[in-house]
Amino acid sequence: MKTFTLALSPEQFSGVEKTLLQSDDFRVLAWTYPSGVKALALENARGRVVALPYQGQMIWSATFDGCELTMRNMFRQPKPSSTVIGTYGCFMFHAGLLRNGCPAPADDHPLHGEMPCAPMDAAWLEVGEDAAGLYLRLGGDYEYVQGFGDHYRATPTLTLRVGSGVFDIGMAVTNLAGKAMELMYMAHMNYAYIPGASLVEPLAGARVRVRSSVPAHVKPTPEWSAYMAELGQDPSRLSTLDSPALHDPEIVCFFEEVPADAAGHAHFLLDHLEGSAFYTRYRPDQFSHATRWILHNADQGVAAFVLPSTCEPEGYLAEKAKGNVRSLAGGQRALFSVSTGYLSAEERCRLRDELGG
């Protein structure tokens with residue numbers, strides 16, 4: 001099958017949903033929220049993913065088999081914002097790229113850097129076929145350039161497959177400058193908090209530790225501090241989402257040396273009580289670190305069971321001191337890919353048989 005590409009333009013996004021593409025397997029809808037943010041829904045027979053093609057190619061929401069994957073949040077719609085904190089209700093954003101994480105007082109970067117809400121220069125749709133079958137893909141392009149500073153191109157992608165609740169999120173970063181650039185990237189997926197769900201890593205062996213630092217936005221309580229001390233001694237105690245009162249403020253864990261299967265993939269799941277699951281697969285040779293973020297309160301509920309990354313989210317200066325800031329030479333390109341989404345009970349059972357857990 002030949003690849004079909006459709007260039008997008010802001011003029012295609014009116015105030016109401018409009019079909020841009022439709023076939024037996026896929027449908028694409030475009031519209032503009034009352035806030036002015038332009039949105040695109042990629043749909044297959046099992047559900048939809050809503051992306052913001054001109055705002056960092058952020059994924060605003062995802063729903064499959066009637067299950068909402070996105071964190072509970074305070075935003076009724078995406079808001080136009082230059083920083084992610086101004087529209088923090090999304091399913092996924094591309095965190096980084098020059099700076100990342102929660103800034104410490106001595107840092108001068110916004111929360112999770114410049115990429116989450118970047119004003120994209122171009123967006124396009126692609127329909128094609130590869131070794132995995134038919135696909136529908138949203139692509140985007142963002143050129144960052146500063147006089148006497150860094151110059152890079154970021155190309156995020158979102159790929160939906162026929163009849164699947166699991167989709168692919170990609171990012172390519174090319175250093176267009178003649179000098180090296182620093183790189184800090186995280187695929188930040190904000191999954192819903194599912195009461196009673198179990199946190200599962202089928203391939204045991206990763207080193208896990210609980211975050212000991214307390215960012216400025218976290219206000220500890222005595223009960224939370226005691227719980228954190230217990231987790232610090234035994235992180236495996238955080239295995240089930242059965243204590244929401246202890247998940248406010250947030251719980252953050254770090255993973256290192258995550259094992260991969262024979263194909264080079266690491267697997268993380270949030271198993272639901274009825275047998276279905278949220279699922280993420282990634283390559284540890286692309287992402288040297290991973291983070292877990294759990295929060296449950298009256299305004300937000302999130303179980304970000306794994307956030308693959310090149311560093312920890314402690315801010316630029318802390319990560320630089322730990323040696324976690326990558327360097328990308330002039331002209332060099334870095335590629336990242338994550339598969340994530342929803343597994344039915346039957347699909348989860350098959351994966352259990354394949355992985356042994």
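Basis of the calculations
Residues numbered from 1 in each chain as written. Predicted model: local features only at pLDDT ≥ 70, side-chain atom pairs only at ≥ 80, totals over all residues. Heavy atoms only, no water. Phe/Tyr/Trp six-rings, centres within 6.5 Å; stacked < 30°, edge-to-face > 60°. Helix = DSSP H or I, 4+ residues; strand = E, 2+ residues; numbered from the N terminus. Buried < 20%, exposed > 50% of the residue type's maximum accessible area, 1.4 Å probe, protein only. Lys NZ or Arg CZ within 6 Å of the ring centre and 35° of its normal. Pairing = 2+ DSSP bridges. Axes fitted to C-alpha atoms, helices over the stretch in contact; angles between N-to-C directions. Core = buried A, V, L, I, M, F, W, Y, C linked by side-chain atoms within 4.5 Å. Contact = heavy atoms within 4.5 Å. Expected span 1.5 Å × (residues − 1). Arc of directions from axis to C-beta.

- In the nomenclature of an unreviewed UniProt entry, the chain is known as Aldose 1-epimerase family protein of Pseudomonas tritici.

### As for the packing of aromatic side chains
Between two aromatic rings, the relevant description is the distance of the centres plus the angle of the planes.
For step 1, the next point in the chain: Overall, the coordinates contain 18 aromatic pairs when judged by the stated rule.
For step 2, the next point in the chain: Note on Phe64 and Phe167: the rings are 5.8 Å apart at their centroids and 25 degrees apart in plane angle, and the pair reads as stacked. Of this pair, Phe64 sits in strand β6 (residues 58-64) while Phe167 sits in strand β12 (residues 166-175), placing them 103 residues apart in sequence.
For step 3, the next point in the chain: By relative accessible area, which is 0% here, Phe64 ends up buried.
For step 4, the next point in the chain: The ring of Tyr316 has Arg99 lying over it, and the distance from NZ or CZ to the ring centre is 3.7 Å.
For step 5, the next point in the chain: In this arrangement the basic side chain of Arg137 is found over the ring face of Tyr135, its NZ or CZ atom lying 4.2 Å from the centre.

### Let's talk about the sheet that holds strand β19 (residues 277-282)
For step 1, the next point in the chain: On the basis of which strands lie adjacent, the open sheet formed by nine strands has the order β1-β9-β10-β11-β12-β23-β19-β18-β15 and antiparallel pairing. In the strand order of this sheet, the two ends are held by β1 (4-7) and β15 (198-200), each with one partner. The sheet shows a mean angle of 15 degrees between the axes of neighbouring strands, taken without regard to direction.
For step 2, the next point in the chain: Two strands pair when backbone bridges link them, and strand β10 (residues 133-145) and strand β11 (residues 151-161) are joined in this way by nine bridges, in the antiparallel orientation. Note on β11: the bridge partner recorded for Gly139 is Thr157.

### Re the pairing of strand β2 (residues 18-22)
A regular strand carries its side chains on alternate faces of the sheet.
For step 1, the next point in the chain: For β2 and strand β3 (residues 27-32), the ladder comprises four bridges, and the chain directions are antiparallel. Looking across to β3, one finds that Gln22 is bridged to Arg27.
For step 2, the next point in the chain: Counting the residues that bridge the hairpin from β2 to β3 gives four residues.

### Regarding the nonpolar core
For step 1, the next point in the chain: Counting residues in hydrophobic clusters, the biggest one holds 77 residues, and the most contacted among them are Leu40, Phe167 and Phe278.
For step 2, the next point in the chain: The next biggest cluster of nonpolar side chains, apart from the first, holds 25 residues, and it includes Tyr33, Trp60, Met71 and Val252.

### Comments concerning the environment of Ala123
For step 1, the next point in the chain: With respect to the secondary-structure elements, Ala123 resides in strand β9 (residues 122-130).
For step 2, the next point in the chain: Separated by 113 residues in sequence, Ala123 and Pro10 place their C-alpha atoms 9.2 Å apart.
For step 3, the next point in the chain: Once you skip the residues sitting within four places of it in the chain, Ala123 turns out to touch Ala7, Leu8, Pro53, Tyr54, Gly139 and Gly140.

### Side note on helix α1 (residues 222-233)
For step 1, the next point in the chain: Between its first and last C-alpha atoms α1 spans 17 Å; for twelve residues at 1.5 Å apiece the expected length is 16 Å, and the two agree.
For step 2, the next point in the chain: Within α1 the residues assigned to the buried category are Trp224, Tyr227, Met228 and Leu231. Along the long axis of α1, the arc covered by the buried residues comes to 100 degrees, so they all point the same way. Residues of α1 that are exposed and angled more than 90 degrees away from the buried face: Pro222 and Gln233.

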